Amino acid sequence: MTTVAIAVDVGGTGIKCALVDQAGEFRHVLRRPTGREQGPDAVLANILGTAEELAEAARSQGMTPVACGVVAPGVVDESAGVLHLSANLGLRDVPLRDAVADRIGLPTALGHDVRAGALAESRLGAGRTTRRMLFLAIGTGIAGGFALDGRIDPGAHGASGEIGHIAVRTGPDAPACGCGGRGCLEMYASAAAIGRAYGDDAAEVVRRAQAGEPRAAQVWSDAIGALADGLLVGIALHDPKLIVLGGGLAEAGAFLFEPLAKALAERRTFHTLPELAAAELGDEAGCHGAALLALDLLTDTKADR
Ligand SMILES: [Zn+2]
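Since this is a predicted model, take the numbers as computed values, not measurements.

Student: What should I look at first to understand the sheet that holds strand E3 (residues 26-33) in this one?
Tutor: For sheets, the rule is that strands pair by backbone hydrogen bonds, running either parallel or antiparallel. Within the open sheet, the five strands sit side by side as E3-E2-E1-E4-E8. Their pairing is mixed. Looking along the sheet, the strands with just one partner apiece sit at the ends: E3 and strand E8 (108-112). Strand-to-strand, the axes of this sheet are offset by a mean angle of 20°, without reference to chain direction. Looking at chain direction, strand E2 (residues 14-21) and E3 are connected through seven bridges and run antiparallel. Residue Val20 lies in a different strand from E3, and its bridge partner there is Phe26. Against the sheet, helix H1 (residues 40-60) touches strand E1 (2-10), E2, E3 and strand E4 (63-72), its axis set at about 30° to E2.

Rendered as structure tokens:
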């Protein structure tokens, strides 16, 4: 009998789910709307209902669901199983782990979506042959996680890896960030910020910069400079062997990685620079990570390497 983990990746607009076997293969996938516009009770009901639907789908296909992993954006206390604050989902102080476990009757883990993605990249993706990897997802915002031996430390308060809120610029011109600070990395180097600085979407900025349009090239170059400044803080804290970049911006490929490597080389002092690589799991990283968190509940063995 095939045993599977129920993986639930809750995003601002959709809930991505999968039944994932022990080899990391997706045996069944499902997407449901988050229902944020219907309010917090509806979001919670949708998460619980989706987890239950997946458990039933597993059984109806002759598989045995053995554990569940739920990942979400925001401030997530993984050890207490509480989603403290998620602006994207409109939820606050929800004991989501126990709510899911009570509904489906299976051991359940709660994690942070980007840290779960980092976990998946470290064990199954671009970091699988490296013991120390710093992962950054660059999309609407910027967040990350540092992996050591296939584990991500969530921090004492569930807020490690918030690299997007490192202040990389100061002074009165530094833009105010949604976090309450100024000059945060994600105000310069997120896809949203790049689009805003140019007045179009980030993919268009990349296209125009590649075509040699001077203003687009300047916006791109400024973003890469800010990203290098932020990454140097990450390098100073963690001394990683490898930095893996994911999210929409990493799709720019060499057009991102080559000038970024150059910007890091220009700025570094005594640190040995890590290698740079693109994430490999794409938007399935969250579900893979959720499944790993779930299966770790059963084995509690560290990743073999
Ligand atoms: Zn901020």
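Student: What is the right way to read the packing of helix H7 (residues 214-238) against helix H8 (residues 254-267) from this model?
Tutor: Packed helix pairs are characterised by how far apart their axes lie and by the angle those axes make with each other. Contact geometry of H7 with H8 gives a least axis separation of 9 Å together with a crossing angle of 55°. As judged from the angle between their axes, H7 and H8 are oblique. The two elements H7 and H8 cross, and the hand of that crossing is right-handed. Every residue of H8 that contacts H7 at Trp220, Ile224, Gly225, Leu227, Ala228, Asp229, Leu231, Leu232 and Ile235 is listed here: Phe255, Leu256, Pro259, Leu260, Ala263, Leu264 and Arg267. Of the residues in the contact of H7 with H8, the class split is 13 nonpolar, one polar and two charged.

Student: Sorry, what's going on with the coordination of the zinc ion here?
Tutor: Distances from the zinc ion to its protein donors, namely His165 (ND1), Cys177 (SG), Cys179 (SG) and Cys184 (SG), fall within the range 2.0 to 2.4 Å. Every donor residue of the zinc ion comes from the same chain, spaced as H-x11-C-x1-C-x4-C. One end of the pair, His165, is in the loop between strand E11 (151-152) and helix H4 (186-189); the other, Cys184, is in the loop between E11 and H4, with 19 residues separating them in the sequence. Residue classification places Cys184 among the buried residues on the basis of a relative accessible area of 2%.

Student: What exactly am I supposed to notice about the nonpolar core here?
Tutor: Where a protein is soluble and globular, its nonpolar side chains tend to be buried together. In terms of nonpolar packing, the biggest core is built from 37 residues, with Leu185, Ile194, Trp220, Leu227, Leu245, Leu256 and Leu260 touching the most fellow members. Looking at this core, the elements with two or more residues in it are strand E9 (132-138), strand E10 (142-148), helix H5 (191-198), helix H6 (202-210), H7, strand E12 (242-246) and H8. Setting aside residues no more than four positions away along its own chain, Leu185 makes contact with Ile142, Ile163, Gly164, Ile166, Val168, Ser190, Ala226, Leu227 and Gly230.

Student: Sorry, what's going on with H6 here?
Tutor: Because each turn of an α-helix spans 3.6 residues, side chains separated by three or four positions end up pointing in the same direction. Those residues of H6 lying buried are Ala202, Glu204, Val205, Val206 and Ala209. At its buried positions, H6 is contacted by H5, H7 and H8. Where H6 terminates, the next one or two residues include Gly212, which has phi positive at roughly 90°.

Student: How should I be thinking about the packing of aromatic side chains in this particular structure?
Tutor: How two aromatic rings sit relative to each other is set out by the distance from centre to centre and by the angle between their planes. Considering all chains together, one arrives at one aromatic pair under this definition. Taken together, a centroid distance of 5.6 Å and an interplanar angle of 10° make the contact between Trp220 and Phe255 stacked. Residue Trp220 is found in helix H7, and its partner Phe255 is found in helix H8; the two are separated by 35 residues along the sequence. Seen from the ring of Tyr188, Arg169 lies directly overhead, with NZ or CZ sitting 5.8 Å from the centre. We note Arg215 situated over the ring of Tyr198; from NZ or CZ to the ring centre the distance is 4.2 Å.

Student: Help me understand H8, please; the structure alone is not making it clear to me.
Tutor: Taking 1.5 Å of rise per residue, the 14 residues of H8 would be expected to cover 20 Å, and the 20 Å separating its terminal C-alpha atoms lies within 8% of that figure. Along H8, the positions that sit buried rather than exposed are Leu256, Phe257, Leu260, Ala263 and Leu264. Down the axis of H8, the buried set is contained in an arc of 135°. They therefore lie on one face. Among the exposed residues of H8, those oriented more than 90 degrees off its buried face are Glu258, Lys262 and Glu266. Packing partners of the buried residues in H8 comprise H7, E12 and strand E13 (275-278).

Student: Please explain unusual backbone geometry as it appears in this structure.
Tutor: Trans peptide bonds make up the majority, and among non-glycine residues the majority have a negative phi. Phi is positive for Asp93, close to 50°, though the residue is something other than glycine. Here Asp93 falls in the partly exposed class, since its relative accessible area comes to 47%. The backbone of Asp149 sits at a positive phi, close to 50°, despite the residue not being glycine. Of note, Asp149 is situated in the loop between E10 and E11.

Conventions we followed
- Residues numbered from 1 in each chain as written.
- Predicted model: local features only at pLDDT ≥ 70, side-chain atom pairs only at ≥ 80, totals over all residues.
- Heavy atoms only, no water.
- Pairing = 2+ DSSP bridges.
- Helix = DSSP H or I, 4+ residues; strand = E, 2+ residues; numbered from the N terminus.
- Axes fitted to C-alpha atoms, helices over the stretch in contact; angles between N-to-C directions.
- Contact = heavy atoms within 4.5 Å.
- Parallel < 35°, antiparallel > 145°, perpendicular 65-115°, else oblique.
- Left-handed = near helix turned anticlockwise from the far one by under 90°.
- Nonpolar A, V, L, I, M, F, W, Y, C, P; charged D, E, K, R; others polar.
- Donors = N, O, S within 2.8 Å, 3.2 Å for Na, K, Ca; no water.
- Buried < 20%, exposed > 50% of the residue type's maximum accessible area, 1.4 Å probe, protein only.
- Core = buried A, V, L, I, M, F, W, Y, C linked by side-chain atoms within 4.5 Å.
- Phe/Tyr/Trp six-rings, centres within 6.5 Å; stacked < 30°, edge-to-face > 60°.
- Lys NZ or Arg CZ within 6 Å of the ring centre and 35° of its normal.
- Expected span 1.5 Å × (residues − 1).
- Arc of directions from axis to C-beta.

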